[in-house]
Amino acid sequence: VFVCVLVEERAEGLGVGDVDAAMDPTVAEAITVGGMEKVLSAMSEVGAKRICFTDSIGSFGAEAPRENATAKWLTENPQQDPGSDYGRQKRGCRELMDQFRREHGGDPRFAVLPGVLHSNPVWGNGTTEYALDALLAAPHQETKLGLPTGEAYVCPIDPDIAMPMVFVDDLMRGLIALQEAEPHELTEPENGYCIPGLSFTPNELFAEIRKHHPGFGFRVELDENMNKFANLWPETLNSSEPLRDLGYAPEVGLSEMVSFVLQAHEDRNSYTAEAFKAMDKDGDGILTLKDIEGHVRKRLVRGRTTSYNTGQVTHNL
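Criteria and cut-off values
Residues numbered from 1 in each chain as written. Predicted model: local features only at pLDDT ≥ 70, side-chain atom pairs only at ≥ 80, totals over all residues. Heavy atoms only, no water. Helix = DSSP H or I, 4+ residues; strand = E, 2+ residues; numbered from the N terminus. Contact = heavy atoms within 4.5 Å. Areas by Shrake-Rupley, 256 points an atom, 1.4 Å probe, with all protein chains shown as cover. Buried < 20%, exposed > 50% of the residue type's maximum accessible area, 1.4 Å probe, protein only. Pairing = 2+ DSSP bridges. Axes fitted to C-alpha atoms, helices over the stretch in contact; angles between N-to-C directions. Phe/Tyr/Trp six-rings, centres within 6.5 Å; stacked < 30°, edge-to-face > 60°. Core = buried A, V, L, I, M, F, W, Y, C linked by side-chain atoms within 4.5 Å. Expected span 1.5 Å × (residues − 1).

## Observations regarding the overall build of the protein
Thinking step 1. When helices and strands are tallied, the protein shows 11 helices and 11 strands.
Thinking step 2. Sequence separation of 24 or more characterises 78% of the internal contacts of the protein that already satisfy a separation of 6 or more.
Thinking step 3. Carbon and sulfur atoms form 51% of the exposed surface of the protein, whose accessible area is close to 15800 Å².

## A word on unusual backbone geometry
Thinking step 1. The phi dihedral of Glu190 is positive, around 55 degrees, even though this residue is not glycine.
Thinking step 2. Relative to the helices and strands, Glu190 resides in the loop between helix 6 (168–180) and strand 7 (192–194).
Thinking step 3. Positive phi, close to 55 degrees, is recorded for Asn191, a residue that is not glycine.
Thinking step 4. Mapped onto the elements of the fold, Asn191 is located in the loop between helix 6 and strand 7.
Thinking step 5. Asn191 sits in the buried class, given a relative accessible area of 16%.

## Observations concerning the sheet that holds strand 6 (residues 163–167)
Thinking step 1. Strand order in the open sheet made by the 3 strands is 4-6-8, with mixed pairing throughout. Of all strands in the sheet, those with a lone pairing partner are strand 4 (115–117) and strand 8 (198–200), marking the two edges. This sheet shows a mean twist of 40 degrees between the axes of neighbouring strands, independent of strand direction.
Thinking step 2. Two strands pair when backbone bridges link them, and strand 6 and strand 8 are joined in this way by 3 bridges, in the antiparallel orientation. Of the residues in strand 8, the one forming a bridge with Met163 is Phe200.

## Observations concerning the packing of aromatic side chains
The description of two aromatic rings rests on the distance between their centres and on the angle between their planes.
Thinking step 1. All chains considered together, the criterion is met by 7 aromatic pairs.
Thinking step 2. Between the aromatic rings of Tyr153 and Phe216, the centroid separation amounts to 6.4 Å while the plane-to-plane angle is 25 degrees, which identifies the pairing as stacked. Here Phe216 lies in the loop between helix 7 (202–209) and strand 9 (218–220) and Tyr153 lies in strand 5 (residues 153–155), a separation of 63 residues in the sequence.
Thinking step 3. The buried category is assigned to Phe216, whose relative accessible area is 2%.

## So, the nonpolar core
Thinking step 1. Of all hydrophobic cores here, the largest spans 54 residues; its most connected members are Phe60, Leu117, Tyr130, Phe200, Leu205, Ile209 and Met257.
Thinking step 2. Examining the composition of this core, we find that 6 residues originate from one element, helix 5 (residues 130–137), more than from any other.
Thinking step 3. When residues no more than four places from it in sequence are discounted, the contact partners of Tyr130 are Tyr153, Pro156, Ile157, Met163, Met165, Phe200, Thr201, Pro202 and Leu205.
Thinking step 4. The next biggest cluster of nonpolar side chains, apart from the first, holds 15 residues, and it includes Ala111, Ala177, Tyr193 and Leu246.

## Regarding the side chain of Ser119
Thinking step 1. With respect to the element layout, Ser119 can be found in the loop between strand 4 and helix 5.
Thinking step 2. You can call Ser119 buried: its relative accessible area is 16%.
Thinking step 3. Among residues more than four places away in sequence, those in contact with Ser119 are Phe260, Val261, Ala264, His265 and Arg268.

## Notes on helix 10 (residues 254–279)
Thinking step 1. Between its terminal C-alpha atoms helix 10 stretches 38 Å, which fits the 38 Å expected from 26 residues at 1.5 Å a residue.
Thinking step 2. Looking only at helix 10, the buried set comprises Met257, Val258, Val261, Leu262, Ala264, His265, Glu266, Asn269, Ala273, Ala275 and Met279.

In short, the description is geometric, and any link to function would need to be established separately.
Here it is in structure tokens:
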């Protein structure tokens, strides 16, 4: 039996990111460290041994190497200052897992994740999510589908700072490989591994976006917290350990990632434009309550109607 704990770096749902932790560290610690305590307690009660925890590049502080950072460095430098409550909370979870290993014979593993890239329309409030914001903004700066246009994208970090990222397909391959590995195959301290992907600067990302949207515009307005973390964390993660022990290597590069994500947003915009056109019966570009109600009744109403004492009929949605 194994448990996979994902407490951040995901597209939707409850999660705690670096900026969120900085804004409310008490709540963040209750979710992250308190949640780990409860999970490990439950595991010890039922006899579950294996747990895979998603750590983060937010665990690395100013003393960490900027290039080819490893999970091993975190275990060898337990007293280093990660520079944030977020990083300290991650360290607290690793310490709890190591205690679980010593006292209960557990089989804990942890994966150090970079920023996670994906094509979903919703994500959290972390630093690396600037890339997702930019990729979403690009298709909305044009009017080819008749949808409202957005302004120039506002970049919150130094556009020449590289940050490590990973596309979600690569991430899932890496996590599954770590979860399913036999104990004797894991040679790194505390069974910790980075899950590397690709690294790029905002300027490199914007140049790739402009291959698809030549008019993509941006301006730089530094966010204090986000820019602090961007300058604090490593630029690249080492790939040799996960390749050696897990057989994992990333496959998705910058060009492929940008193309895939932009196409997903374009497809979503096309669907939105079609729905808007279907609702806007008079073609004036304005949706009234009557337009929306008519669309809902035609497209979404299903099932039997129910008559109430008033004699009026309503539909089950």
